[in-house]
Amino acid sequence: INATPGNTSILAINITNLGNARTIVYADIVDSPPGDWITLITAQIVLDINMTNIAYLLVKPPSNFSGTETITIRFTPYAADDQTQYGKPVYITIVVICEP
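The following refers to the structure shown. The numbering scheme is per chain: residues are counted from 1 as the chain's sequence reads. Predicted model: local features are reported for residues with pLDDT of at least 70 only, side-chain atom pairs are reported and counted for 80 or more only, and whole-chain, interface and lining totals are derived from all residues. Excluded from the side-chain calculations are hydrogens and water; all other atoms, namely the structure's heavy atoms, are used.

Side note on the sheet that holds strand β2 (residues 9-16)
Line of reasoning, step 1. Two strands qualify as a pair provided that DSSP identifies no fewer than 2 bridges between them. The numbering of helices and of strands both runs from the N terminus, where a helix is a DSSP run of H or I of at least 4 residues and a strand a run of E of at least 2. Spatial strand order, β2-β6-β4: 3 strands in an open sheet with antiparallel pairing. A single partner strand is all that each edge strand has here, and the edge strands are β2 and β4 (38-41). With strand direction ignored, the average angle separating the axes of adjacent strands in the sheet is 15°.
Line of reasoning, step 2. The pairing of β2 with strand β6 (residues 52-60) spans 8 bridges and is antiparallel. Residue pairing for β6: A12 is matched across the bridge by Y56. Helix axes are fitted to C-alpha atoms over the stretch in contact, other axes to C-alpha atoms as well, and angles between N-to-C directions run from 0 to 180 degrees.

Below you can see the structure in the form of structure tokens.
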């Protein structure tokens, strides 16, 4: 994602349910840049079978930052009707490039 220091950038992340049941995917940020960065992700996404939905990542680098940083996000699927059943988390790393 390209970001401008001091401004909010938004990245849409498509998530598709390829399983055989209605699913809730919980998303959380497990690693983000230190300092005055603001990073937020859509907390949960509900998906019917073969449905695609979008999680949004919001990133606001500090106004004095330039360079690159990374953000790691974890997505964990749970059966919507029985949340004792869940799948392996999927981790993705987003590279943020800031140019003044």
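Here the narrative resumes.
Brief notes about the pairing of strand β8 (residues 82-86)
Line of reasoning, step 1. Summarising the sheet, strand β7 (residues 67-79) and β8 pair through 2 bridges and their orientation is antiparallel. Directly across from A79, in β8, lies its bridge partner D82.
Line of reasoning, step 2. Following β7, the chain reverses through 2 residues before pairing antiparallel with β8.

The values reported here are purely geometric and, on their own, carry no functional implication.
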